[in-house]
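Below are the chains, spelled out letter by letter.
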Amino acid sequence: MRRHAYTHLALRGANLTIGLQMRNFYNQVLAGSGAGGLLGHKRFHLSDYSVHSRASFSFSLHCFSNRTLNTECVNGEGLQNRAIGDGALFLHVTGREFVNHPPVWIWSLLPSVTSLQSGLQYSCDNAQITDSDERRSFVGAATDGWSAVACMDFFRIDVVSNASLSLSARKMWAFFDDAVLSVTAGIQPSNASANVTTGIEQRILDGR
Amino acid sequence: MEGRRRKHFHRYQRLATVSLQFISLFILSSSVLVRLVNDTTIELDAGARVELDTSLLSWVLHNGTIIVVLAASPGTILHVAAASQSGSWSKVTQGPDDVVSLPTFLVFLEHGTRAGPSFAAYAQLPGAYVDAASADAAAAHFLSSVLDSRYGDGEGPFVCRSRANASMVWTVMGAFFKPSRSSSTPQSLCPSISTSAACSFMVALHTSGIISVTISNPNRESAAHSIVVVVRGVRASGPFCAPSPDGTAVTVGLPSGTDSGGSSTVSCSTV
């Protein structure tokens, strides 16, 4: 959308209030992440998704449960999305941290995601969960609209060279005014010699 | 920074191949600082990586945001990199096969191989922290605000912070994957919390003297209509609050229907 189009609507809106709302929305979108009136914590419990916003930053948390799909891969898009719903937590300060960054991501090291480094090649074939054991019910969050604590009973299976390797963990996120605390406990791979990682951050270096 | 040692990590034995067309990116110094518990500060130049045991780390600073590892199983390794990563749009979506590269700030934990379960807890503090001194102060302030915690218990992790939010004296946040009870150290401000069912919860004492209890039932069991939260060591009264042998029992009704999975909050007045 172009700047003059918003201005035009604002000036010619039959309802001045709507015009002002449009202008505020425009300013919010272009002013960067966290600007404007969308402050607080919003839990979309039907989507297993949370947004935590303050004036200078926001976090988004992507989970899945037995009530939601972990991701989708359709029309040749989302080829690496396998772990995007595994408790991925993205920090936005300017809103430009991840611009054009996904092609170079190491997709098994997404922020806050605990992964088996099994050598599994992510693709559309293994993006969406098909094993019901991986779909757990204890996924949710308690929030008063300003702070929140979210949780996820996490269980994933990697099938590599006809062998099934599983990973279980219990995840919790505590959202405060000044920080987000991420906890991963009970990390247990089915194979004791498997290498397990938890991503913390992966963004454009010095990106602003 | 006087008296403190600084090290420059210019390269690492597994440094990625540098593309000449991106050489300009490596002329600029990185803004990644890694602070160790012995007061050494490592400044990662572009292209550099470092691995260290989490027990040696104080914090990592990049672009104003601090990362602190509060706890981890012994032998957990922290990886920090300020290096170029490459890929193509065709790898992620419909797009060209051309290889693209971008300098990337990458941090992750390697839990290692062990027979029993492992754990880790870390925090991200977004802000405008520009140097080691400001990061030192912020990290120390944050850590001192954590009064009680349990991170290694996969059934009932929780954390209690003081002044976590402007209007709160203390806040206990937890996820009890089964009915459980949090602990509290004798001198801690934080009360012990127990719940009658698996839930995620926030219990906070506000500066106004109000205790608020917020819960949700992630399992969304249709037969569960309420959860009782016992706040030990605190006497409070209100429509949903009743005395218990060592504190206050707060009964919180759960949302139902399409709101099942949402949160409920009740308040009590401390006496």
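It should be emphasised that the depicted structure is a prediction, and the values quoted were computed from it without experimental measurement.

Peer 1: Before we move on, can you summarise the overall build of chain A with the specific residues and values?
Peer 2: In terms of regular secondary structure, chain A is built from three helices and ten strands. Counting helices and strands in the order they occur from the N terminus, chain A gives α-α-β-β-β-β-β-α-β-β-β-β-β. Looking at chain A as a whole, 56% of its 208 residues are labelled buried. Long-range contacts, defined as pairs at least 24 residues apart, comprise 56% of the intrachain contacts of chain A with a sequence gap of at least 6. Approximately 8900 Å² of chain A is accessible, and the part contributed by carbon and sulfur atoms is 53%.

Peer 1: Explain empty space enclosed by the protein to me, and be specific about the residues and the numbers.
Peer 2: Residues and elements named next belong to chain A. Taken as a whole and judged by the stated rule, the model has three cavities of 30 Å³ or more. Here the largest cavity defines a volume of roughly 100 Å³. Lining the largest cavity, in full, are Arg82, Ala83, Asp86, Thr114, Ser115, Leu116, Tyr122, Phe154, Arg156, Asp158 and Leu167. Contributions of two or more residues to the lining of the largest cavity are made by strand 5 (114-116) and strand 7 (148-160). Residue classes in the lining of the largest cavity are distributed as five nonpolar, two polar and four charged.

Peer 1: Any chance you could break down the nonpolar core for me, citing the residues and the numbers?
Peer 2: Ranked by size, the top nonpolar core spans 33 residues in total, and within it Leu181 of chain A together with Trp59, Ile66, Tyr151 and Val159 of chain B carry the most contacts. Listing elements by their share of this core, those giving two or more residues are strand 7, strand 8 (163-175) and strand 9 (180-189) of chain A together with strand 5 (57-62), strand 6 (65-72), strand 9 (118-125), helix 3 (132-145) and strand 12 (168-176) of chain B. Those residues in contact with Ile66 of chain B, other than ones at most four positions away along the chain, are Trp59, Val60, Leu61, Ala123, Gln124, Leu125, Tyr129, Ala135, Ala138 and Ala139 of chain B. If you look at the next biggest cluster of nonpolar residues, it comprises 25 residues, including Trp170, Ile193, Ile211 and Val234 of chain B.

Peer 1: Requested: an account of the state of the cysteines, with residues and values cited.
Peer 2: Going through the model one piece at a time under the given rule, you end up with three disulfides over all chains. The disulfide bridge from Cys160 of chain B ends at Cys190 of chain B, spanning 1.8 Å between sulfur atoms. Between Cys160 of chain B and Cys190 of chain B, the S-S dihedral sits near -85°, and the bridge is therefore left-handed. Residue Cys160 of chain B is located in strand 11 (residues 158-162), and its partner Cys190 of chain B is located in the loop between strand 12 and strand 13 (193-195); the two are separated by 30 residues in the primary sequence. Judged by its relative accessible area of 0%, Cys160 of chain B falls in the buried class. Using a relative accessible area of 4% as the deciding quantity, one classes Cys190 of chain B as buried. When the bonded cysteines of chain B are counted from the start of the sequence, the pairing works out to 1-2, 3-4. Cys151 of chain A provides the cysteine sulfur closest to Cys63 of chain A, a residue in no disulfide bond, and the two sulfurs are 8.4 Å apart.

Peer 1: Help me get a handle on unusual backbone geometry, residues and values and all.
Peer 2: The general pattern is negative phi for most residues beyond glycine and trans for most peptide bonds. Residues and elements named next belong to chain A. Residue Asn75 is not a glycine yet carries a positive backbone phi of 55°. Residue Asn75 is classed as exposed on the basis of its relative accessible area, which comes to 64%. In this structure, Asn100 is a non-glycine residue whose phi angle is positive, near 60°. With respect to the helices, strands and loops of the structure, Asn100 is situated in the loop between strand 4 (88-92) and strand 5. Asn100 sits in the partly exposed class, given a relative accessible area of 48%.

Peer 1: Explain the pairing of strand 16 (residues 226-232) of chain B residue by residue, including any values.
Peer 2: All names here are of chain B. Burial of strand 16 is extensive: five of the seven residues sit out of reach of the surface. In this structure, strand 16 lies alongside strand 19 (residues 247-253), joined through seven bridges in antiparallel fashion. Opposite Ser226, over in strand 19, you have Gly253 as the bridge partner.

Peer 1: Could you give an account of the pattern of salt bridges, with specific residues and numbers?
Peer 2: Counted according to the given criterion, the structure contains 17 salt bridges over all chains. Note that Glu155 of chain B and Arg170 of chain A form a salt bridge whose closest N and O atoms lie 3.2 Å from each other. Of this pair, Glu155 of chain B sits in the loop between strand 10 (146-150) and strand 11 while Arg170 of chain A is found in strand 8, placing the two residues in two different chains. Glu155 of chain B sits in the partly exposed class, given a relative accessible area of 29%. Note that Asp136 of chain B is salt-bridged to Arg35 of chain B, the shortest N-O span being 2.7 Å.

Peer 1: Tell me what's going on with the sheet that holds strand 14 (residues 199-206) of chain B, and back it up with residues and numbers.
Peer 2: Residues and elements named next belong to chain B. The sheet built from seven strands is open, its strands ordered 10-11-12-14-15-20-17 with antiparallel pairing. A single partner strand is all that each edge strand has here, and the edge strands are strand 10 and strand 17 (236-237). Sheet topology note: the strand 14/strand 15 (residues 210-216) ladder contains six bridges and is antiparallel. Paired with Val203 across the bridge in strand 15 is Val213. Against the sheet, helix 3 contacts strand 10 and strand 11, and its axis sits at roughly 65° relative to strand 10.

Peer 1: Tell me about the environment of Thr130 of chain A, residues and numbers included.
Peer 2: When you line up the elements, Thr130 of chain A lands in the loop between helix 3 (124-127) and strand 6 (139-143). For the pair formed by Thr130 of chain A and Gly76 of chain A, sequence separation is 54 residues and the distance between their alpha carbons is 19 Å.

Peer 1: Tell me about the interface of chain A and chain B, and name the residues and values.
Peer 2: Contact with chain A, which involves 77 residues of that partner, is made by 85 residues of chain B. Across the chain A to chain B interface the summed buried area is about 6300 Å²; carbon plus sulfur atoms make up 59%. Sorting the residues of chain A by area buried against chain B places Phe138, Ile200 and Leu205 of chain A first, and these three jointly supply 13% of that buried surface. Inspection of the chain A/chain B interface yields three salt bridges. Taken together, the links from chain A to chain B amount to 39 residue pairs in polar contact (both at pLDDT 80 or more). At the level of elements, strand 3 (57-62), strand 4, strand 6, strand 7, strand 8, strand 9 and strand 10 (196-204) of chain A are the ones that each hand at least two residues to the side of chain A that touches chain B. Grouping the constituent residues of the side of chain A that touches chain B by class yields 40 nonpolar, 23 polar and 14 charged. Bridge analysis of strand 10 of chain A against strand 8 (residues 100-110) of chain B gives seven bridges, and the strand direction is antiparallel. The residue of strand 8 of chain B that forms the bridge with Arg203 of chain A is Phe105 of chain B.

Peer 1: Got a sec to walk through the confidence of the model for chain B? Specific residues and values, please.
Peer 2: Residues and elements named next belong to chain B. Overall, the predicted model of chain B reaches an average pLDDT of 87, with 88% of residues at or above 70. When the criterion is pLDDT under 50, residues 10-29 qualifies, and its contacts beyond four places in sequence or with other chains add up to 21 contacts. Prediction confidence for the complex, expressed as pTM and ipTM, is 0.88 and 0.88 respectively.

Definitions and limits used
- Residues numbered from 1 in each chain as written.
- Chains lettered and ligands numbered in written order.
- Predicted model: local features only at pLDDT ≥ 70, side-chain atom pairs only at ≥ 80, totals over all residues.
- Heavy atoms only, no water.
- Helix = DSSP H or I, 4+ residues; strand = E, 2+ residues; numbered from the N terminus.
- Buried < 20%, exposed > 50% of the residue type's maximum accessible area, 1.4 Å probe, protein only.
- Contact = heavy atoms within 4.5 Å.
- Areas by Shrake-Rupley, 256 points an atom, 1.4 Å probe, with all protein chains shown as cover.
- 1 Å grid on protein atoms, 1.4 Å probe; cavity = no way out; pocket = protein on both sides within 12 Å on 5 of 7 lines; lining within 4 Å.
- Points joined across faces, edges and corners; volume = space filled by probe spheres on them.
- Nonpolar A, V, L, I, M, F, W, Y, C, P; charged D, E, K, R; others polar.
- Core = buried A, V, L, I, M, F, W, Y, C linked by side-chain atoms within 4.5 Å.
- Disulfide = S-S within 2.5 Å.
- Pairing = 2+ DSSP bridges.
- Salt bridge = Lys/Arg side-chain N within 4 Å of Asp/Glu carboxyl O.
- Axes fitted to C-alpha atoms, helices over the stretch in contact; angles between N-to-C directions.
- Buried area = accessible area lost by both parts, 1.4 Å probe.
- Polar contact = N/O pair within 3.5 Å; in protein donor to acceptor, adjacent residues only side chain to side chain.
- pLDDT = per-residue confidence, 0-100.

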